[in-house]
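This is what each chain is made of:
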Amino acid sequence: MSPDTISLRVSSIRSVKQWGAIFVGAPIDTATGLVTDAKAFVLVKAEQRALGGFAVKIGMWFEVQGTQTRTEKDFNGFRRTEISIKAESVRFLRPSGEHLVRLLADCHEFAGIGIAKARRLWDSFGEELYGYLDRGECGPLLAVLTPESAKQLTDAWRQTANGDTIRFLQAKEFDLHVAKRV
């Protein structure tokens, strides 16, 4: 029997140990980043050999291959499907951009963006978002934001942030609180 494959966006990390990690994610369509089943969540147990050296971070996209089991569970009166998978392999699909998402959502300079819009921006543009913001390009951002919000975001970015610095901090795995201060 061949292993199952599922793509997901990491939403929480339950445990990171020397042997590996246990994390939870939402099943996604890798072309769009959209959740494919809002009533389901994926619980992954992955040993270090399966992770291939990746440190799991919230927001990362992975393709996980392994044996799946599906269980229906009740959570506070809501029926959800838990998809448990013991990972045989984990393929990294996209960086989390969590530093950028949190910066846009949490800093008062970017008022009006919030976590949902910040995630939509990252999910829509990924690494390209840095370039749009660094160049002050509002056009592409209109797919997610109003013209006023896009202008406010690019103006605030020009005054307060630097894409290269944020990428560096993310790559070096600086704590989010330290990164925000920098």
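Residues numbered from 1 in each chain as written. Predicted model: local features only at pLDDT ≥ 70, side-chain atom pairs only at ≥ 80, totals over all residues. Heavy atoms only, no water.

Undergrad: Tell me about a nonpolar patch on the surface, residues and numbers included.
TA: Taken together, Ile-13, Val-16 and Ile-58 make up a surface patch of nonpolar side chains, about 230 Å² in accessible area. Within the secondary structure layout, Ile-13 lies in strand S1 (residues 4-17). (Patch = residues over 30% accessible without salt bridge, like charges linked within 9 Å, V, L, I, M, F, W, Y side chains within 5 Å. Areas by Shrake-Rupley, 256 points an atom, 1.4 Å probe, with all protein chains shown as cover. Salt bridge = Lys/Arg side-chain N within 4 Å of Asp/Glu carboxyl O. Helix = DSSP H or I, 4+ residues; strand = E, 2+ residues; numbered from the N terminus.)

Undergrad: Break down the packing of aromatic side chains for me, citing the residues and quoting the values.
TA: Counting across every chain of the model gives five aromatic pairs. Seen from their ring centres, Phe-23 and Phe-62 are 5.8 Å apart, and the 45 degrees between their planes marks the pair as tilted. With a gap of 39 residues between them, Phe-23 in strand S2 (residues 20-27) and Phe-62 in strand S4 (residues 61-75) connect regions that are remote in the sequence. Classification of Phe-62 as buried rests on a relative accessible area of 0%. Seen from the ring of Trp-19, Lys-45 lies directly overhead, with NZ or CZ sitting 5.5 Å from the centre. (Phe/Tyr/Trp six-rings, centres within 6.5 Å; stacked < 30°, edge-to-face > 60°. Buried < 20%, exposed > 50% of the residue type's maximum accessible area, 1.4 Å probe, protein only. Lys NZ or Arg CZ within 6 Å of the ring centre and 35° of its normal.)

Undergrad: Summarise the confidence of the model for the protein chain; cite the residues concerned and give the values.
TA: When the pLDDT values of the protein chain are averaged, the result is 85; 85% of them are 70 or greater. Element-level mean pLDDT values for the protein chain span from 53 in helix H7 (residues 176-181) up to 96 in strand S3 (residues 40-47). (pLDDT = per-residue confidence, 0-100.)

Undergrad: I'd like to hear about the pairing of S2, residue by residue, with values.
TA: S2 sits mainly inside the fold: seven of its eight residues count as buried. Pairing geometry for S1 and S2, over eight bridges, is antiparallel. Paired with Lys-17 across the strands is Gly-20, a residue of S2. Pairing of S2 with S3, which is carried by six bridges, proceeds in the antiparallel orientation. By the bridge assignment for S3, Phe-23 is matched with Val-44. (Pairing = 2+ DSSP bridges.)

Undergrad: So, the pattern of salt bridges: which residues are in play, and what are the values?
TA: A complete count under the given rule lists nine salt bridges for this structure. The partner of Glu-82 in a salt bridge is Lys-73, and the shortest N-O contact between them spans 3.5 Å. Since its relative accessible area comes to 31%, Lys-73 is described here as partly exposed. Arg-158 is the partner of Asp-155 in a salt bridge, and the nearest nitrogen-oxygen pair spans 3.4 Å. Of the two residues, Asp-155 and Arg-158 are both situated in helix H5 (residues 147-160); the distance of three residues between them amounts to about one turn of the helix. Since its relative accessible area comes to 24%, Asp-155 is described here as partly exposed. We classify Arg-158 as exposed; its relative accessible area is 54%.

Undergrad: Break down helix H3 (residues 114-125) for me, with residues and values.
TA: Given a rise of 1.5 Å per residue, 12 residues ought to cover 16 Å, and the 17 Å separating the end C-alpha atoms of H3 matches this to within 8%. Looking at H3, one finds that the buried residues are Ala-118, Leu-121, Trp-122, Asp-123 and Phe-125. (Expected span 1.5 Å × (residues − 1).)

Undergrad: Please provide a residue-by-residue account of the environment of Ile-85, values included.
TA: Its location among the elements puts Ile-85 in strand S5 (residues 78-94). Given a relative accessible area of 3%, Ile-85 falls into the buried group. Taking C-alpha positions, Ile-85 is 8.5 Å from Ala-46, a pair spaced 39 residues apart along the chain. Sequence-distant contacts of Ile-85, that is, excluding residues within four places in its chain, are made with Asp-4, Ile-6, Val-42, Leu-43, Val-44, Lys-45, Val-64, Gln-65, Gly-66, Thr-67 and Gln-68. (Contact = heavy atoms within 4.5 Å.)

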